[in-house]
Amino acid sequence: MAQLDKRSAKQFIRINERIRAREVRVIDDKGEQLGIMVPFDALKIARERGLDLVEVSPTAVPPVCRIQDYGKFLYEKDKSERAARKKQKIIVVKEVKFSVTVDEHDYQTKKNQAVRFLTEGDKVKASLRFKGRQMAHRELGYAIINRLIQDIGDAGSVEFMPRMEGTTLHAILAPGKKEAPKRPAAPKPPVAQGAIPNTTTAQS
């Protein structure tokens, strides 16, 4: 699928004889403006320099074309897109499920999972489903979710407070803000030379 997407993306970039505009604004391989001309004349200049005519701004009036190496153009474009994707953080919402009858060991395991997800930069959906007669004791479910919020502490912040949807109680937690590193304490000023130290001497 990725290869097909790349091929289809390349088809939208018109080069050389595929440029159909009547006139184009031309920039040469050194970044200098050559003015407005018909594509045939611009392509002739590109061929003389052993390069391609690439339509870089098809929506401009007239379209802007650059004289350059098309292969190098695609490489640089792909490189910049990969760098942009690396900078993007895809936030995932991961669910941690509890029950009204959760025991302490299971609670601690789920809490540690939630903390790990938050420290990895993901959001956490803490959910608790009531079954049958448990709906009459919804305060027990609220107590568990509120305890989780308290226990997570600075690792997360509440994005949506606990609320009911049908028979399920849930809350959304977002990763906590990273604290700025604390500045080291300022060093004490040195004792000036010739200063008399604050000491006492025994009288003879």
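Scroll up to find the structure.
Reading the values: the criteria
Residues numbered from 1 in each chain as written. Predicted model: local features only at pLDDT ≥ 70, side-chain atom pairs only at ≥ 80, totals over all residues. Heavy atoms only, no water. Helix = DSSP H or I, 4+ residues; strand = E, 2+ residues; numbered from the N terminus. Expected span 1.5 Å × (residues − 1). Buried < 20%, exposed > 50% of the residue type's maximum accessible area, 1.4 Å probe, protein only. Arc of directions from axis to C-beta. Contact = heavy atoms within 4.5 Å. Salt bridge = Lys/Arg side-chain N within 4 Å of Asp/Glu carboxyl O.

Trainee: Can you lay out helix α5 (residues 138–152) for me, pointing to particular residues and giving the numbers?
Mentor: The terminal C-alpha atoms of α5, which comprises 15 residues, lie 22 Å apart, in line with the 21 Å expected from a rise of 1.5 Å per residue. Where α5 is concerned, the buried positions are Gly 141, Ile 144, Ile 145, Leu 148, Ile 149 and Ile 152. Looking straight down α5, one finds that the buried residues subtend no more than 135° of arc, so they occupy a single side. Check the buried side of α5 and you find it contacts β5 (93–98), α4 (104–119), β6 (123–129), β7 (156–165) and β8 (168–175). Two residues or fewer after α5 comes Gly 153, characterised by a positive phi angle close to 60°.

Trainee: Give a description of the pattern of salt bridges that names residues and reports values.
Mentor: All chains considered together, the criterion is met by 13 salt bridges. The partner of Asp 52 in a salt bridge is Arg 47, and the shortest N-O contact between them spans 3.9 Å. The closest approach of N and O atoms between Glu 159 and Lys 123, which form a salt bridge, is 2.9 Å. Of this pair, Glu 159 sits in strand β7 while Lys 123 sits in strand β6; the two residues are 36 residues apart in sequence, bridging distant segments of the chain. Note on Glu 159: relative accessible area 37%, which makes it partly exposed. Among the ionic contacts, a cluster of salt bridges with common partners joins Glu 17, Arg 47 and Asp 52.

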